[in-house]
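# Examining the three-dimensional arrangement
What follows is the residue order along each chain.
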Amino acid sequence: MSNLFRSRLAKEFDDRTARFHTSMVEDLRIFEEDIDGTEAHDIMLHKQGVIPLEALKLILSALEEIRREWRRGEVEVGAEFEDIHEYIEARVIEKIGMEAGGMIHTGRSRNDQVMVDVRLRVREDLLEVAEGVLSLVEALLGQAERHVETLMMLYTHGQHAQVGTFAHYLTAYADALLRDHQRLLECYDRVNRNPLGAGPVGGTSINIDRERTTELLGFDGIVENSIDATSGRDWAVEAAAVCAILMSSLSRAAADLIEWSTKEFGYVELADEYASSSSIMPQKKNPSTLELIRGKAGEIYGALTELMTMVKGVPSGYYQDLQGTKPPLWRCLDTVKTCLEVMTGIIATLKVKEARMREMTEGSLTAAVDLAESLVENASLSFREAYRLVAALVRETLKKDAKLQDLTPDAIAEASLKVLGKRVEVDAALIREATDPWSSLLRRKSQGSPNPEEVRRMLKERKRRLEECRAELEARRASVKASKRRLRETVEGYLSK
Ligand code: ARG
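Residues numbered from 1 in each chain as written. Predicted model: local features only at pLDDT ≥ 70, side-chain atom pairs only at ≥ 80, totals over all residues. Heavy atoms only, no water.

## Digging into the pairing of strand 1 (residues 151-156)
Note: strand 1 against strand 2 (residues 159-165), six bridges, orientation antiparallel. Bridge pairing in strand 2 links Met152 to Gly164. Hairpin remark: strand 1 followed by strand 2, antiparallel, with two residues in the connecting loop; positive phi at His157, about 55°. (Pairing = 2+ DSSP bridges. Helix = DSSP H or I, 4+ residues; strand = E, 2+ residues; numbered from the N terminus.)

The structure is reproduced here in structure tokens:
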């Protein structure tokens, strides 16, 4: 029953070429989508007077039989078919004969057909990725709520920069992920468009109704231009790009947590179920799941590069090159989903070593910024004057192997006379306040800072945003679900006529 599409040719593919040419393996992922697309197309053709009722009923019952065979795991296909489209059409013809079965592909090409299938599938995948993103955001916000007052060093260039909190750190990634969610849904809205009816590249003379299939398949509208509909892959590249951007954040967070799991930092410890050990070093506890997430960011960038490279030289219209866009896309979506799930578990179960984090903020030279800012406010110095004065004090402190906390008002007065040519008078309380990590944090109240009040406000706001995102996601999911039900009911309606 194979060789549906080779009437023009005198010879078959040899086995090796057939294996080389087929897209059957990657097409298994769009098996049911291909059935749905065909059902919608043929129901539309019937409405348009192209397929008679009796033939439509035969076609739909054959398609439903094939769906059942698939769900029961009875379908065994290989390189004897070019792709899933050939298999399903051949199987329908095998079941009901060429007269009726031969109608299913009227006014359609595999070029618009495959785009329907992939778009139907990718829209579901995007919703799953978006759901995974929101679960991770929830885990981040949950951990953050427990650590609003957990002091933690903030770094730039890997050096002590300012005192922050662990909650503030976690919220930064929640914010990035909420943007990823937005990108995913925006991409979804471009993916969820109907290319069916574009024909091979330039439409069809058959009296089709593109709005009808759009409605039956739950698309939000059509991809109008028939060249664009069959030939464009920008939306697939965009889906991979959104995944790649998302992975760039996951990978950086993984890099932080891997570093913070070292003995040298000792800020966090992964739960045992997310760690591995060593075949030889019995003492080892490795954050290898995070290492894999960081590594998989490379895999996703690879998939994006593969897709972009694959399409960049292909002239307009369908070329077989485009068949190769499916595997990197599937790989991309699957890997991102898994990474999100694992990361969510890691964050939710992470052991946070608060005492060690706090310890690293005590006696740190980061108090220098706070002291300089305090001098601006309380000693009427310009910022650059204060900066110079504090830099001199830092040098002195380092020379004496002391701490900024040990500074006295006298030392400041003396140094200021030397550096600025004027005596700066401050009291001991100012020094104490500026150099104590906790009170310095409380003084830093700028919007978006790690100040606990500010972080509490941000957390509340993010939780509200999370609920909004859930609703936006749910609306799309509900509309997909409703369209599937509509298609099912329509099919059943015809079958019971
Ligand atoms: N198997 C093909 C793909 O995956 C389907 C479209 C083929 N069209 C064609 N004219 N050969 O892209």
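The discussion continues.
## Notes on the layout of surface pockets
Roughly 400 Å³ of internal volume is contained in the largest pocket. Taken together, 16 residues make up the lining of the largest pocket; nearest its centre are Tyr155, Tyr169, Arg252, Asp256 and Trp260. Listed by contribution, the elements that provide at least two residues to the lining of the largest pocket are strand 1, helix 8 (166-191) and helix 11 (234-260). Among the elements that line the lining of the largest pocket, the one with the most residues is helix 11, at seven residues. (1 Å grid on protein atoms, 1.4 Å probe; cavity = no way out; pocket = protein on both sides within 12 Å on 5 of 7 lines; lining within 4 Å. Points joined across faces, edges and corners; volume = space filled by probe spheres on them.)

## Structural notes on the environment of Ala303
Mapping Ala303 onto the fold places it in helix 12 (residues 288-312). Judged by its relative accessible area of 1%, Ala303 is buried. Taking C-alpha positions, Ala303 is 6.3 Å from Cys332, a pair spaced 29 residues apart along the chain. Excluding its chain neighbours within four sequence positions, the residues that come into contact with Ala303 are Pro328, Arg331 and Cys332. (Buried < 20%, exposed > 50% of the residue type's maximum accessible area, 1.4 Å probe, protein only. Contact = heavy atoms within 4.5 Å.)

## Looking at the packing of aromatic side chains
Tallied over the full model, the rule gives ten aromatic pairs. Between Phe166 and Tyr169, the ring centres sit 6.0 Å apart and the planes meet at 10°, which makes this aromatic pair stacked. Note that Phe166 and Tyr169 are positioned in helix 8 at a spacing of three residues, about one turn of the helix. This pair shows no difference in class: Phe166 is buried, exactly as Tyr169 is. Measuring from ring centre to ring centre gives 6.1 Å for Phe383 and Tyr387, while their planes differ by 50°; the resulting arrangement is tilted. Here the residue Phe383 and the residue Tyr387 both occupy positions in helix 16 (residues 383-399), the gap between them amounting to four residues, near one helical turn. (Phe/Tyr/Trp six-rings, centres within 6.5 Å; stacked < 30°, edge-to-face > 60°.)

## Details of the side chain of Glu33
Following the sequence through the fold, Glu33 ends up in helix 3 (residues 31-47). Buried and unpaired, Glu33 has no salt bridge, with Arg121 as the nearest side chain of opposite charge at 4.3 Å. Discounting residues that sit within four places of it in the chain, Glu33 has contacts with Asp117, Leu120 and Arg121. (Lys, Arg positive; Asp, Glu negative; His and termini not counted. Salt bridge = Lys/Arg side-chain N within 4 Å of Asp/Glu carboxyl O.)

## What about the site of the ligand?
In the vicinity of the ligand, the contacting residues are Ser23, Asp83, His85, Arg110, Asn111, Val114, Tyr318, Gln320, Gln323 and Lys326. Tyr318 is positioned with one of its side-chain polar atoms (N or O) 2.6 Å from an oxygen atom of the ligand. The fraction of the free accessible surface of the ligand (340 Å²) that becomes covered by protein chains is 88%. No other element matches helix 7 (residues 110-146), which puts three residues into the shell around the ligand. Tallied by class, residues from the shell around the ligand come to two nonpolar, five polar and three charged. (Near = heavy atom within 4 Å. Polar contact = N/O pair within 3.5 Å; in protein donor to acceptor, adjacent residues only side chain to side chain. Areas by Shrake-Rupley, 256 points an atom, 1.4 Å probe, with all protein chains shown as cover. Nonpolar A, V, L, I, M, F, W, Y, C, P; charged D, E, K, R; others polar.)

## With respect to the pattern of salt bridges
In the structure shown here, the tally under the stated rule is 54 salt bridges. For the salt bridge of Arg470 with Glu138, the shortest nitrogen-to-oxygen distance reads 2.8 Å. One end of the pair, Arg470, is in helix 20 (residues 452-495); the other, Glu138, is in helix 7, and 332 residues separate them in sequence. Between Glu467 and Arg470 there is a salt bridge; the shortest N-O distance is 3.3 Å. Here Glu467 and its partner Arg470 are both found in helix 20, three residues apart, which amounts to about one turn of the helix. Here Arg470 falls in the partly exposed class, since its relative accessible area comes to 26%. Ionic contacts of the salt-bridge type, sharing partners, join the residues Glu32, Asp36, Glu39, Glu64, Arg67, Arg71 and Arg488 into one network.

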